[in-house]
Amino acid sequence: MSEIFATTGTIAAIATAIVPQQGSIGVVRVSGTSAMHIAQTLFKTPGKQSWESHHILYGHICNPETKQVVDEALLLIMQAPRSYTCEDVVEFHCHGGVIVVKQVLRLCLENGARLARAGEFTLRAFLNGRLDLTQAESISDLVGARSPEAAQYALAGLQGKLAHSIYNLRAKCLDILAEIEAQIDFEEDLTPLDPKRIVRQIEQVATDITELIATADKGQLLRTGLKVAIVGRPNVGKSSLLNAWSQSDRAIVTDIPGTTRDVVESELLLKGIPIQVLDTAGIRETQDQVEKIGVERSLKAANAADLILFIIDASQGWTVEDEGIYAQVKHYPLILVINKIDLLDEDQINALKLQIQEPAFQICTAVGKNQGIDSLEIAIFEIIQLGKVQTTDMELVINQRQQAALIRAKILLKEVQTTIFGKLPLDFWTIDLRGAIDALGEITGENITESLLDRIFSKFCIGK
Ligand SMILES: Nc1nc2c(c(=O)[nH]1)N(C=O)[C@@H](CNc1ccc(C(=O)N[C@@H](CCC(=O)O)C(=O)O)cc1)CN2
Ligand SMILES: Nc1nc2c(ncn2[C@@H]2O[C@H](COP(=O)(O)OP(=O)(O)OP(=O)(O)O)[C@@H](O)[C@H]2O)c(=O)[nH]1
Ligand SMILES: [Mg+2]
């Protein structure tokens, strides 16, 4: 057994974010058989207080060797199995900042604990049966959530919504498997299986799996967000767009072409999806050394973006320069932003629109007047949902690991159906069905390898 499976030993870590000279309270968490002993060694209470589970004690944390007081603090005791890890847990609630919590952690390490690895508290919670793997992953998502919506989905996962669906699907597969195996073992005594019914049952499971798979894109968007680059020739209103959209004065706006020299970033949320907006230097042929580098950076930003907002100045029409830039970026997901429409009347706008056939997604704005941001957001939403199953009514989202396992399960279920249609012997039906059951078990952690656990939990932060 590798070390990651070892739940022996008492672990300790700082559980709160540590920021020098900040944070009013800092928590050091200890879990394992020596936790209570460590607390009793380090924590001195005035008078008599009861050391009971789920009680908080007031006192002082002292260095047992020097008798020096390190902090005035609170101690929270949670005795096994009624704790996060299902082990004995004690928490020292100290004063914040870095110095005190580090001293307290060190005292714990000097008195019988070892430093916890990343995710080790949650790993123990998983190994001791408090959480399944999807719930453990949700904790990591909850801590890392970048929007309230993302946090809400993570919480749904923590409460077992996904685990529940997967258990149900796996149970259905197990029922089908049991029926086939009974048929193999007691062929003479049982009425023959109806292949059509089995195929139908498998189809139902596969359909449910497909629905779950469709939530992965949304999960991915909520987790990693979207990188959006604004590109176009100088003076079309790129920086004005960044400012209007992020409701800030992040970028400098002037009527001098070539104002923006470097990539300017701003973060915003669109229905819970974190969006990193990059304003770039206007693209043009230039002899200016600094501007040249800026233009290179613009193209690089466009390259690295998930989506490009290609912006033109409506009052100038679709120019040769626009055409040139468009040729360089048209193979990316792209929205054409026709800006400064306040300078045109309706007929002129319509004429311009007729002239521009290409990009499928076009919007008209006057970002200098704060107009059109709503249509931009609608267009973005359309482009990222394009061609995908509507997932808004699903109250859960899956991650890429879960998606990979579900895709494997689905492929194997299709194989089972092919086997049944091919009239192969019953033994053959069970092979891929077992494979699908294993793939589903990998999601919840019923069927899991060490290296997979290692990969999942090492992504956590220390103390979680
Ligand atoms: N101070 C502190 N806050 C925290 C945590 C923690 O470990 N410490 N958590 C950690 O991430 C989260 C809460 N998770 C927890 C889950 C279970 C138990 C627990 O003691 N459960 C027992 C008792 C329940 C009861 O009395 O009914 C149990 O389920 O048996 C504690 C915290 C968020 N806030
Ligand atoms: N009338 C009108 N003017 C606008 C609009 N948007 C931007 N402008 C003006 O256009 C000029 C250029 O705007 P910027 O946002 O600096 O343009 P840019 O594309 O970032 O320019 P560079 O950084 O030089 O590439 C400024 O004078 C803006 O006030 C708009 O919607 N309507
Ligand atoms: Mg600019």
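Since the model is a prediction, treat every value here as computed from it, not as a measurement.

J.: Describe in detail the side chain of Asp 432, supporting the description with residues and values.
T.: Inspection of the secondary structure assignment puts Asp 432 in helix 15 (residues 426-444). Arg 434 provides the closest opposite charge to the buried, salt-bridge-free Asp 432, at an N-O distance of 9.7 Å. Every residue in contact with Asp 432, bar those within four places of it in the chain, is listed here: Leu 412, Glu 415, Val 416 and Thr 419.

J.: With reference to specific residues and values, describe the site of ligand 2.
T.: Not every one of the 23 residues close to ligand 2 is listed here, only the nearest: Lys 238, Ser 240, Gly 258, Thr 259 and Thr 260. At 2.6 Å from an oxygen atom of ligand 2 is found a side-chain nitrogen or oxygen belonging to Ser 240. Note that an oxygen atom of ligand 2 is positioned 3.4 Å from one of the backbone N or O atoms of Thr 254. Expressed as a share of its isolated accessible area of 650 Å², the protein-covered part of ligand 2 is 88%. Per-element tally for the shell around ligand 2: the top contributor is helix 9 (residues 238-246), with three residues. Split into classes, the residues belonging to the shell around ligand 2 amount to eight nonpolar, 11 polar and four charged.

J.: Could you give an account of the packing of aromatic side chains, naming the residues involved and the relevant values?
T.: Evaluated as defined, the whole model comprises seven aromatic pairs. Pairwise contacts between aromatic rings join Phe 43, Trp 51 and Phe 92 into one cluster. Here the basic side chain of Lys 271 rests over the ring of Phe 381, its NZ or CZ set 4.4 Å away from the ring centre. Above the ring of Tyr 84, the side-chain terminus of Lys 464 is found at 5.4 Å from the ring centroid.

J.: Could you give an account of the packing of helix 6 (residues 161-185) against helix 15, naming the residues involved and the relevant values?
T.: For the pair helix 6 and helix 15, the least separation of the axes is 9 Å and the interaxial angle reads 160 degrees. Here helix 6 lies roughly antiparallel to helix 15, going by the angle between them. Viewed along their axes, helix 6 and helix 15 form a crossing whose handedness is left-handed. Across the contact of helix 6 with helix 15, the residue classes break down as 16 nonpolar, four polar and four charged.

J.: Describe helix 3 (residues 120-127), and please don't skip the residues or the numbers.
T.: In terms of burial, helix 3 is largely enclosed, as seven of its eight residues are buried. Where helix 3 is buried, its residues touch strand 1 (10-14), strand 2 (25-31), strand 7 (113-115), helix 4 (133-144), helix 15 and helix 16 (450-457). In the segment just after helix 3, Gly 129 is the residue with positive phi, at about 85 degrees.

J.: Explain the environment of Gly 258 to me, and be specific about the residues and the numbers.
T.: Its location among the elements puts Gly 258 in the loop between helix 9 and strand 9 (264-270). Dropping the residues within four chain positions of it, Gly 258 is found in contact with Pro 234, Arg 284 and Glu 291.

Rules and cut-offs
- Residues numbered from 1 in each chain as written.
- Chains lettered and ligands numbered in written order.
- Predicted model: local features only at pLDDT ≥ 70, side-chain atom pairs only at ≥ 80, totals over all residues.
- Heavy atoms only, no water.
- Helix = DSSP H or I, 4+ residues; strand = E, 2+ residues; numbered from the N terminus.
- Buried < 20%, exposed > 50% of the residue type's maximum accessible area, 1.4 Å probe, protein only.
- Lys, Arg positive; Asp, Glu negative; His and termini not counted.
- Salt bridge = Lys/Arg side-chain N within 4 Å of Asp/Glu carboxyl O.
- Contact = heavy atoms within 4.5 Å.
- Near = heavy atom within 4 Å.
- Polar contact = N/O pair within 3.5 Å; in protein donor to acceptor, adjacent residues only side chain to side chain.
- Areas by Shrake-Rupley, 256 points an atom, 1.4 Å probe, with all protein chains shown as cover.
- Nonpolar A, V, L, I, M, F, W, Y, C, P; charged D, E, K, R; others polar.
- Phe/Tyr/Trp six-rings, centres within 6.5 Å; stacked < 30°, edge-to-face > 60°.
- Lys NZ or Arg CZ within 6 Å of the ring centre and 35° of its normal.
- Axes fitted to C-alpha atoms, helices over the stretch in contact; angles between N-to-C directions.
- Parallel < 35°, antiparallel > 145°, perpendicular 65-115°, else oblique.
- Left-handed = near helix turned anticlockwise from the far one by under 90°.

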